[in-house]
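Summary of the model geometry
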Amino acid sequence: MQILFYNVISSKITCCGLRYIYYHQNEDGGWGLHIEGYNTMFCTALSYICMSILGEGPDGGLDNACTRARKWILNHGSVTHMPSWGKTWLSILGVFYWSGANPMPPEFWLLPSFLPMHPAKMWYYPCF
């Protein structure tokens, strides 16, 4: 998957972004929520997609980063085992069917932003 705005990003930014992703990959191929964190499906899937957006092929990356990430994702049940927000992001990027994401009523986003339950104020740390 290579998205159209790949050509707009400078090669220096692309190189720095990929280097950051490579250097923070855990030994078994996944990524955690922070650089010393345990792997999560959310972070691993989004890092894998970021590498694809930045131009890496399915078997590319430093030390086969894409291959190791894909293997970790498949060994842990695929992206269907990802939290709701992850499925929403994958659907926005066009790599996951909207029917697989949990429904989110659009009216929820129309609530005034000063309310404590506005979706922009919700934050979820996937811990699995």
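Residues numbered from 1 in each chain as written. Predicted model: local features only at pLDDT ≥ 70, side-chain atom pairs only at ≥ 80, totals over all residues. Heavy atoms only, no water.

Comments concerning the nonpolar core
Going by this rule: Definition used in this section: a nonpolar core is a set of buried Ala, Val, Leu, Ile, Met, Phe, Trp, Tyr and Cys residues joined via side-chain atoms within 4.5 Å. Accessibility here uses a 1.4 Å probe with only protein chains present; expressed as a share of the type maximum, an area under 20% marks a residue as buried, one over 50% as exposed, and anything in between as partly exposed. Put simply, DSSP H or I for four residues or longer makes a helix, DSSP E for two residues or longer makes a strand, and each gets a number counted from the N terminus.
One finds Trp 31, Tyr 48, Met 51, Ile 73 and Met 82 to be the most contacted residues of the largest nonpolar core, which totals 21 residues. Counting only elements with at least two residues in this core, the list comes to helix H1 (11-23), helix H2 (41-53) and helix H3 (65-75). Top contributing element to this core by residue count: H2, with eight residues.

Details of the packing of H2 against H3
Two packed helices can be described by the angle between their axes and the distance between those axes. Applied cut-off: Axis definition: a line fit to C-alpha positions, over the contact stretch in the case of helices; interaxial angles, taken between N-to-C directions, run 0 to 180 degrees. It is the rotation of the near helix from the far one that decides the hand of a crossing: anticlockwise by less than a right angle makes it left-handed, clockwise makes it right-handed. Here a residue-residue contact requires only that any non-hydrogen atoms of the pair lie within 4.5 Å. Note that Gly is not counted as nonpolar here; it falls among the polar residues with everything else outside the nonpolar set of Ala, Val, Leu, Ile, Met, Phe, Trp, Tyr, Cys and Pro and the charged set of Asp, Glu, Lys and Arg.
At a minimum axis separation of 10 Å, H2 and H3 run at an interaxial angle of 145 degrees. Helix-helix and strand crossings are classified by hand; for H2 and H3 the assignment is left-handed. For the pair H2 and H3, the contacting residues are Met 41, Thr 44, Ala 45, Tyr 48 and Met 51 in the first and Ala 65, Cys 66, Ala 69, Arg 70, Trp 72 and Ile 73 in the second. In the contact of H2 with H3, the residues fall into nine nonpolar, one polar and one charged.

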